[in-house]
Amino acid sequence: MAVDAVEEFERHRSKLFGLAHRMLGSAEEAEDVVQDAFLRWHQASIVESPWAWLAKVPTNLCVNQLTSARARRESYVGSWTPYL
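Fair warning: this is a prediction, and the values are worked out from it, not measured in the lab.

A.B. asks: How would you explain the pattern of salt bridges if you had to name every residue and give the values?
C.D. replies: Under the defined criterion, the tally for this structure stands at four salt bridges. Between arginine 11 and glutamate 8 there is a salt bridge, and its shortest N-O distance comes to 2.3 Å. You can see arginine 11 and its partner glutamate 8 sitting in helix α1 (residues 3-24), three residues apart, about one turn around the helix. In this structure, arginine 13 engages glutamate 10 in a salt bridge whose closest nitrogen and oxygen atoms are separated by 3.2 Å. Of this pair, arginine 13 and glutamate 10 both sit in helix α1, three residues apart, which is roughly one turn of that helix. When its relative accessible area of 41% is taken as the criterion, glutamate 10 is described as partly exposed. By sharing partners, the salt bridges in this structure join Glu10, Arg13 and Glu31 into a single network.

Written as structure tokens, this is what we have:
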């Protein structure tokens, strides 16, 4: 990865963290999303608009995480017994 690509990411890191933190409500989860976005940024070959790409990827990661969290919360663990 080129040094300027890392610098480009680091220039936007705080904005990406803020975006993820507002969506997820947790600093730890937001940092995980930013790190995952960096790994994807590292693997990207050609990006025409860096800020658009860097905003879209963490947003999608947050939405995926929130959707899976909702699915985990909606699964009922106990046995269901109706009132008679």
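And the narrative resumes.
A.B. asks: Pulling in residues and values, what's your account of the packing of α1 against helix α2 (residues 27-43)?
C.D. replies: Pairs of packed helices are described in terms of their axes, by the angle between the two and the distance that separates them. Closest axis-to-axis distance for the α1/α2 pair is 8 Å, and the angle between their directions is 145°. Seen from above, α1 lies across α2 with right-handed handedness. Where α1 approaches α2, its residues Ala5, Glu8, Phe9, Arg13, Leu16, Phe17, Ala20, His21 and Leu24 are matched on the opposing element by Ala27, Glu29, Ala30, Glu31, Val33, Val34, Gln35, Ala37, Phe38 and Trp41.

A.B. asks: Before we move on, could you go through the side chain of histidine 12 and cite the residues and values that matter?
C.D. replies: By secondary structure assignment, the location of histidine 12 is in helix α1. Classification of histidine 12 by relative accessible area gives buried; the value is 8%. In this structure the side chain of histidine 12 is engaged in a polar contact, spanning 3.1 Å, whose partner is the side chain of glutamate 8. Apart from the residues lying within four places of it in its own chain, the contact partners of histidine 12 are Trp51 and Leu54.

A.B. asks: Describe the nonpolar core, naming the residues involved and giving the relevant values.
C.D. replies: Formed by 15 residues in total, the largest nonpolar core has its most connected members in Phe9, Val33 and Trp41. Among the elements that make up this core, the one with the highest residue count is α2 (six residues).

A.B. asks: Mind laying out the side chain of serine 26, listing which residues take part and the relevant values?
C.D. replies: Within the secondary structure layout, serine 26 lies in the loop between α1 and α2. Looking at serine 26, its side chain comes within polar contact range of the side chain of glutamate 28, at 3.1 Å.

A.B. asks: Outline the confidence of the model for the protein, listing residues and values.
C.D. replies: Per-residue pLDDT for the protein averages 86, and the proportion of residues at 70 or more is 81%. The lowest-confidence element of the protein is helix α3 (residues 50-74), averaging 85 in pLDDT; the highest-confidence one is α2, averaging 94.

What counts, and where the lines are drawn
- Residues numbered from 1 in each chain as written.
- Predicted model: local features only at pLDDT ≥ 70, side-chain atom pairs only at ≥ 80, totals over all residues.
- Heavy atoms only, no water.
- Salt bridge = Lys/Arg side-chain N within 4 Å of Asp/Glu carboxyl O.
- Helix = DSSP H or I, 4+ residues; strand = E, 2+ residues; numbered from the N terminus.
- Buried < 20%, exposed > 50% of the residue type's maximum accessible area, 1.4 Å probe, protein only.
- Axes fitted to C-alpha atoms, helices over the stretch in contact; angles between N-to-C directions.
- Left-handed = near helix turned anticlockwise from the far one by under 90°.
- Contact = heavy atoms within 4.5 Å.
- Polar contact = N/O pair within 3.5 Å; in protein donor to acceptor, adjacent residues only side chain to side chain.
- Core = buried A, V, L, I, M, F, W, Y, C linked by side-chain atoms within 4.5 Å.
- pLDDT = per-residue confidence, 0-100.

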